Amino acid sequence: HTRGFSPLFSTASMQDFKDATKVILAVEQAGLGMPDRDYYLEQDPKRVALRKQYTEFATNVFALLGEKRKAAEEAAKAVLRIETQLAKASMSKVDRRDPKKIYHFTPLADLEKASPAIEWDAYFKKVNPQPLLALNVAQPDFIRALSDLLKGPFNSTEWRNYLKWSVVRRVAGALPQKFVDEDFKWKSAL
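One structure accompanies this document, and this report is about it. The residue numbering used here restarts from 1 in each chain and proceeds along that chain's sequence as written. The model is predicted, so local features are restricted to residues of pLDDT at least 70 and side-chain atom pairs to those at 80 or more, both for listing and for counting; the totals for chains, interfaces and linings are taken over all residues. No hydrogens and no water enter the side-chain calculation; it runs on all heavy atoms of the structure.

1. Here we look at the overall build of the protein chain
Secondary structure elements follow DSSP: runs of H or I of four or more residues count as helices, runs of E of two or more count as strands, with numbering from the N terminus. Scanning the protein chain from N- to C-terminus turns up nine helices and four strands. Here the C-alpha atoms of the protein chain give a radius of gyration of 18 Å, agreeing with the 16 Å that 2.2 N^0.38 yields for 190 residues. Throughout this description, buried means an accessible area under 20% of the type-specific maximum (1.4 Å probe, protein chains only), exposed means over 50%, and partly exposed covers the range between. Burial status across the protein chain gives 43% buried among its 190 residues. Contacts: residue pairs with any heavy atoms within 4.5 Å of one another. Sequence separation of 24 or more characterises 67% of the internal contacts of the protein chain that already satisfy a separation of 6 or more. We get accessible surface area from the Shrake-Rupley algorithm with a probe of 1.4 Å; when it comes to residues, only the shown protein chains can shield them. For the protein chain, the exposed surface amounts to about 10700 Å²; the carbon and sulfur share of it is 54%. Computed over 31 positive and 24 negative side-chain charges, the inter-centroid distance for the protein chain is 3 Å. Just to be clear, the radius of gyration here is over C-alpha atoms, and the globule rule we use is 2.2 Å times residues to the power 0.38. We treat Lys and Arg as the positive residues and Asp and Glu as the negative residues; His and chain ends play no part in the count. For this purpose, a charge sits on NZ of Lys, CZ of Arg, CG of Asp or CD of Glu.

Below, the structure written as structure tokens:
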């Protein structure tokens, strides 16, 4: 997050919807490698095929990073499983357009209680050393589900691969040509 990546969730400054004289911090859902939650959840043939292509893209990139083919395939499958869980917890595009549905002014202490697997106080001290008492939690259900997910079914290797993937997929266009080619092939499929 301190380097501009947004695995799992993102933070941003926003106008306070209820007091236009204030700019507040917002915590929002994030962490998906495909454009929208529906790419993970819809079962139409096109989305199913895109998930397969996305997994192949991730497998190829992990292989380019030096993983043996079997390990690259396992890493890519774990990424898709993690991102699918994030998608299930994500708010739809339509709901995210409604300001009333994405405004949840929350004291920091309440955020910490709602999502205990995330050390919010330490996080905010690292990314923003200014004192923070309250913020907008745009999708509280997502943050609660994320906290549960962090305590849940994925092991540390799967999380490391997800985090590695979150960075590499964002910078693939600036890496050696083989990464650029894989990134282009994936983006052309979209």
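2. A word on helix α3 (residues 69–89)
Taking 1.5 Å of rise per residue, the 21 residues of α3 would be expected to cover 30 Å, and the 31 Å separating its terminal C-alpha atoms lies within 8% of that figure. Considered for burial, the residues of α3 that qualify are A72, A75, A76, A78, V79, L80, I82, E83, T84, L86 and A87. On the buried face of α3, the contacting elements are α1 (38–41), α2 (45–64), α7 (140–151) and α8 (156–171). Helices are assigned an expected span. That span is 1.5 Å times one less than the residue count.

3. Digging into the nonpolar core
Note on soluble globular proteins: their nonpolar side chains tend to be buried together. Put simply, buried Ala, Val, Leu, Ile, Met, Phe, Trp, Tyr and Cys residues joined by side-chain atoms within 4.5 Å make one nonpolar core. Judged by nonpolar contacts, the single largest core of 42 residues is most densely connected at Y54, L86, W120, F124 and L135. In terms of residue count, the dominant contributor to this core is α3 (eight residues). The contact partners of L135, leaving out residues within four places of it in the chain, are L25, V27, H104, F105, T106, L108, L111 and F124.

4. Considerations on the packing of aromatic side chains
For Phe, Tyr and Trp, where Trp contributes only its six-membered ring, two rings pair if their centres lie within 6.5 Å, and the inter-plane angle classes them as stacked under 30 degrees, edge-to-face over 60, or tilted in between. This model, assessed by the stated rule, comprises 14 aromatic pairs. Arranged with centres 6.0 Å apart and planes meeting at 90 degrees, the rings of W120 and Y123 form a pair that is edge-to-face. With a gap of three residues between them, W120 and Y123 both fall in helix α6 (residues 120–127), about one helical turn apart. Of the residues examined, Y123 reaches a relative accessible area of 14% and is grouped as buried. Among the aromatic residues, ring-to-ring pairing joins Y40, Y54, F57, F62, W165 and W186 into one connected group. Positioned above the aromatic ring of Y39, the side-chain terminus of R47 is 4.7 Å from the ring centre. We call a charge positioned over a ring when the NZ of a Lys or the CZ of an Arg lies within 6 Å of the ring centre and within 35 degrees of the ring normal.

5. Topic: the sheet that holds strand β4 (residues 134–137)
Backbone-to-backbone hydrogen bonds join strands into a sheet, with any given pair of strands oriented parallel or antiparallel. Reading across the sheet, the four strands line up as β1-β2-β4-β3 and stay open at both edges, with mixed pairing between neighbours. In this open sheet, the two edge strands, each paired with only one partner strand, are β1 (9–15) and β3 (105–107). Put simply, the sheet's adjacent strands are angled 40 degrees from each other on average, direction ignored. Strand pairing follows a simple DSSP-based rule, namely that at least 2 bridges must link the two strands. Pairing between β3 and β4: three bridges, direction antiparallel. Bridge assignment links F105 to a residue of β4, and that residue is N136. Fitted lines through C-alpha atoms give the axes, limited to the stretch in contact for helices. The angle between two N-to-C directions lies from 0 to 180 degrees.

6. Comments concerning the pairing of β4
Residues of β4 alternate between two faces, with A134 and N136 on one and L135 and V137 on the opposite face, all of them buried. As paired strands, strand β2 (residues 23–29) and β4 are joined by two bridges and run parallel to one another. Residue V27 lies in a different strand from β4, and its bridge partner there is V137.

7. Comments concerning the pattern of salt bridges
The rule for a salt bridge is simple: a side-chain nitrogen of Lys or Arg has to be within 4 Å of a carboxyl oxygen of Asp or Glu. Within this structure, the stated rule accounts for 14 salt bridges. With its nearest N and O atoms 2.8 Å apart, the salt bridge here joins E158 to R81. With a gap of 77 residues between them, E158 in helix α8 and R81 in helix α3 connect regions that are remote in the sequence. Among the ionic pairs, K151 bridges to D148, the shortest N-O distance being 3.8 Å. Taken as a pair, K151 and D148 lie in helix α7 at a separation of three residues, close to a single helical turn. Residue K151 is classed as exposed on the basis of its relative accessible area of 55%.

Taken by themselves, the reported measurements are silent on function.
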